[in-house]
Amino acid sequence: PAADAAGLAAALEDNRRAVDEACTLGAPCLVLVVGSLPGALQGQPAYHDIARARREVREGIATTLEYARQVGMPLAIEPLHPMQAAERACINTLEQALDLCDTLDPARSGALGVAVDLYHVWWDPKLAQQITRAGRERLLAYHVCDWLTPTRDLLNDRGMMGDGVIELRQIRGWMEDAGYAGYAEVEIFSDHWWAQPGEVVLDTCIARHRGVV
């Protein structure tokens, strides 16, 4: 989303560069964190109409998808937790993301799908249903961490797997039952874990991945 036509054009060009970079890296997909109210991240939203932001996201993904198809780079829409709906992503549930996929890629071609990040979707009462709905063609990425109670920072206090409340093995089972066969990628935004020695973090990730994921 953007405040004006020039901003929308710049965003589309940035998306195109991101697709090219993903191709250069040989990435399996390009994950889309779609943005929301322009300027909200800086505390100065250009407008307050989240429905407009969602329309601009749909149109932007549609245009980007045309180019991504040409170069063979799948796009994965990542819904973010509603706490970040104003400033980081106006797509907030797996159902929303899949509705977009069905609108823009009704043939389930593999060109458009979703990234399931447990930090953002673990709470959703429709999660199992929507993972099944997505199926193998739509499930393009899977991110694991844990939700701490209490959470001290809504961006940078994710938990190491096993330290919080997410039913990690159950959800992984849902993913695999739906046909997902990719990596369960550890993604922990955490001031605590960033402050630890790298080898400690990696050893802990490996142990928890084996033990609770």
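See the structure shown above.
Residues numbered from 1 in each chain as written. Predicted model: local features only at pLDDT ≥ 70, side-chain atom pairs only at ≥ 80, totals over all residues. Heavy atoms only, no water.

Quick word on the pairing of strand S4 (residues 139-144)
The element S4 is largely enclosed, with a buried count of five among its six residues. The pairing of strand S3 (residues 112-117) with S4 spans four bridges and is classified as parallel. Paired with Ala-115 across the strands is Ala-141, a residue of S4. Across two bridges, the pairing between S4 and strand S5 (residues 185-186) is parallel. From the neighbouring strand, His-143 faces S5, where its bridge partner is Glu-185. The handedness of the S4 to S5 crossover, carried by helix H6 (residues 168-177), is right-handed. (Buried < 20%, exposed > 50% of the residue type's maximum accessible area, 1.4 Å probe, protein only. Helix = DSSP H or I, 4+ residues; strand = E, 2+ residues; numbered from the N terminus. Pairing = 2+ DSSP bridges. Right-handed = clockwise from strand over helix to strand, strands pointing away.)

As for H6
Those residues of H6 lying buried are Leu-168, Ile-171 and Met-175. Projected down its long axis, H6 carries its buried residues within an arc of 75°, all on one side. With respect to the buried face of H6, the exposed residues turned more than 90 degrees away are Arg-169 and Asp-177. On its buried face, H6 sits against S3, helix H4 (118-121), helix H5 (127-138), S4 and helix H8 (198-212). Trailing H6 by a residue or two, Gly-179 shows a phi angle of about 110°, which is positive. (Arc of directions from axis to C-beta. Contact = heavy atoms within 4.5 Å.)

Re the side chain of Asp-124
Examined against the element boundaries, Asp-124 turns out to sit in the loop between H4 and H5. It turns out Asp-124 is buried and unbridged, and the closest side chain with the opposite charge, Lys-126, is 7.0 Å from it. Here Asp-124 is in contact with Thr-93 and Leu-94, once residues within four sequence places are set aside. (Lys, Arg positive; Asp, Glu negative; His and termini not counted. Salt bridge = Lys/Arg side-chain N within 4 Å of Asp/Glu carboxyl O.)

So, to be careful, I would describe these as geometric facts and stop short of saying anything about function.
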